[in-house]
Amino acid sequence: MDPERLREVAAAFEIPGRWVSSSRFGSGHINDTIVAVFDDGGRTTRWVQQRINRSVFADPVKLMENVARVTEHQRRALLREAVPDPERRALQLVPARGGGFAFVDSDGEYWRTWRFVEGASSRDVIRTRTDARRAAEAFGRFQTRLADLPGPRLHETIPRFHDARVRFESLVDAARADVRGRFDSCRAELDLVFAREAAVDRLLSLHDKGAVPERITHNDTKVNNVLFDEVTGEALCVIDLDTVMPGLALYDFGDLVRTAASPTAEDERDLSKVDLDPATFAALVEGYLAGAPFLTPAERAELTFSGLLMTLVVGIRFLTDHLRGDVYFRIHRPGHNLDRCRAQLRLVSSIERQRERLEAIVAAGAALSPDRSGP
Ligand code: ADP
Ligand code: GN1
Ligand code: MG
């Protein structure tokens, strides 16, 4: 990225001290994340600066409105709960010198700055069940703390983001159009997806019938969107708040299963390693229900299915992007989105194979953590 631009962005926010350097940071697929280093009277400070991906988020002004409300509400909840270290447990935006929390550069790109959460880091792969439980509890608690967010309803920063039917039809369209001539290389994956079409309408229809409620959810609970304290190991702070908006709790739980229940990376090429670990799944159930104890029996009944669905849907999205020529997710090698898709589909099969056992785990977990929404 242009160093002059980075200098300009660093100067555009109310950051005390002298700018030292800026460099790329993190492994997200969507935004450009930069860490800016400052010297504040001899003390080195770090700041996270992000350029919002305009082709993914059509309305950055509304997005920033959401994010500002959500972070402020989290902060208040933490203060009310009197937890230690509240400033490391919720993201905090840094004001822009021109007012508000965003800086718009001469190309019309939107930038924002976060306080750096020091002594914490994200993990792309979960290696212990304790970490799985902690991450799930953090996302559950994040949702709990937003349940009483005063109106108006949050903006939908990406309309129909988790609409599995829309995702399925987009894949069908991309396969028909085959703009990059990649159809033949992924026939097997398309067949695996098309055979599972019946799955895509289930949660949508339960929601339409009023059986599962709309809540304020994170919607991108990939496990690397939580920062773990490097000393205590605690899942400290939920990040990547661009998609916090109305959604189903099941989407949040499902994406945790997708990203944390197999000890493999999202783009693992050795598919024999991609396998859901039931004990880790149990840890996710336990953690999530501890963090979000209000989940209703109807939601609990879909926890296993939600893991299957979210894994299938993200597999569909990777495959669609592969067919379209890698225009959405950042890739690091040719065929990367196809590799990611294959790993997702492998995990879908693993969940299907173990489904009965997982349902039993959920039933046991739900018994340990009864629904506290009722009288
Ligand atoms: P993306 O939408 O591209 O995934 P994220 O908001 O998740 O972007 O940020 C990318 C990475 O930057 C994260 O995985 C995390 O490692 C790091 N990060 C983001 N915000 C902070 C922060 N406030 N403090 C420390 N690290 C952060
Ligand atoms: C993207 O931003 P990041 O990398 O945390 C994507 C998610 C996908 C995920 C797959 C806004 O998440 O929906 O599940 O990649 N975010 C957006 O790794 O599309
Ligand atoms: Mg992220």
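Residues numbered from 1 in each chain as written. Chains lettered and ligands numbered in written order. Predicted model: local features only at pLDDT ≥ 70, side-chain atom pairs only at ≥ 80, totals over all residues. Heavy atoms only, no water.

Engineer: Is there a simple way to think about the coordination of the magnesium ion (ligand 3) in this case?
Structural biologist: Put simply, a metal with four donors set out as a tetrahedron has ideal angles of 109.5 degrees, and one with six donors set out as an octahedron has ideal angles of 90 or 180 degrees. Within the protein, Asn225 (OD1) and Asp240 (OD) serve as the donor atoms for the magnesium ion (ligand 3), at 2.2 Å. A residue pair is termed long-range when its members are at least 10 positions apart, and Asn225 in the loop between strand 7 (215–217) and strand 8 (226–229) and Asp240 in the loop between strand 9 (235–238) and strand 10 (245–247) qualify at 15 residues. (Donors = N, O, S within 2.8 Å, 3.2 Å for Na, K, Ca; no water. Helix = DSSP H or I, 4+ residues; strand = E, 2+ residues; numbered from the N terminus.)

Engineer: I would appreciate a short explanation of the site of ligand 2 in the present structure.
Structural biologist: Near ligand 2, the surroundings consist of 18 residues, among which His29, Lys222, Glu266, Arg317 and Tyr328 are the closest. Between Lys222 and ligand 2, the recorded distance is 2.7 Å, taken from a side-chain N or O atom to an oxygen atom. At 2.9 Å from an oxygen atom of ligand 2 is found a side-chain nitrogen or oxygen belonging to Asp240. Taken by itself ligand 2 offers 440 Å² of open surface, and the protein chains cover 97% of this. A total of three residues in the shell around ligand 2 trace back to one element, the largest contributor, which is helix 11 (residues 303–324). Class assignment of the residues belonging to the shell around ligand 2 gives a composition of eight nonpolar, four polar and six charged. (Near = heavy atom within 4 Å. Polar contact = N/O pair within 3.5 Å; in protein donor to acceptor, adjacent residues only side chain to side chain. Areas by Shrake-Rupley, 256 points an atom, 1.4 Å probe, with all protein chains shown as cover. Nonpolar A, V, L, I, M, F, W, Y, C, P; charged D, E, K, R; others polar.)

Engineer: Explanation requested: the environment of Ala283 in the structure shown.
Structural biologist: Tracing the sequence through the fold places Ala283 in helix 9 (residues 278–291). A relative accessible area of 8% means that Ala283 is categorised as buried. Sequence separation between Ala283 and Ala261 is 22 residues; the distance between their C-alpha atoms is 9.0 Å. With near-sequence residues (within four places) excluded, Ala283 lies in contact with Arg129, Ala132 and Arg133. (Buried < 20%, exposed > 50% of the residue type's maximum accessible area, 1.4 Å probe, protein only. Contact = heavy atoms within 4.5 Å.)

Engineer: Explain the sheet that holds strand 2 (residues 32–40) to me, please; I cannot follow it from the model alone.
Structural biologist: Adjacent strands of a sheet form backbone hydrogen bonds with each other and so pair up, either parallel or antiparallel. The strand order across the open sheet formed by five strands is 1-2-3-5-4, and the pairing between neighbours is antiparallel. Pairing within the sheet leaves two strands with one partner each, and these edge strands are strand 1 (18–24) and strand 4 (103–104). Note that strand 3 (residues 43–51) and strand 5 (residues 110–115) share five bridges and pair antiparallel. The partner of Val48 across the bridge, within strand 5, is Trp114. (Pairing = 2+ DSSP bridges.)

Engineer: What is the right way to look at the domain arrangement of the protein chain in this model?
Structural biologist: Quite often, the size of an interface is put as the accessible area lost when its parts meet. Splitting the protein chain by domain gives domain 1 (18–116) and domain 2 (129–368). Taken over C-alpha atoms, the centre of domain 1 sits 25 Å from the centre of domain 2. Facing the 29 residues of domain 1 at the interface are 31 residues of domain 2. Summing the contributions of domain 1 and of domain 2, the shared interface buries around 2,700 Å²; its carbon and sulfur component is 51%. Run the count over domain 1 and domain 2 and you get six salt bridges. The partner of Arg112 in a salt bridge is Asp242, and the shortest N-O contact between them spans 2.7 Å. One can count 19 residue pairs in polar contact (both at pLDDT 80 or more) joining domain 1 with domain 2. Contributions of two or more residues to the side of domain 1 that touches domain 2 are made by helix 2 (60–81), helix 3 (86–89) and strand 5. (Domains from an automatic or database assignment. Buried area = accessible area lost by both parts, 1.4 Å probe. Salt bridge = Lys/Arg side-chain N within 4 Å of Asp/Glu carboxyl O.)

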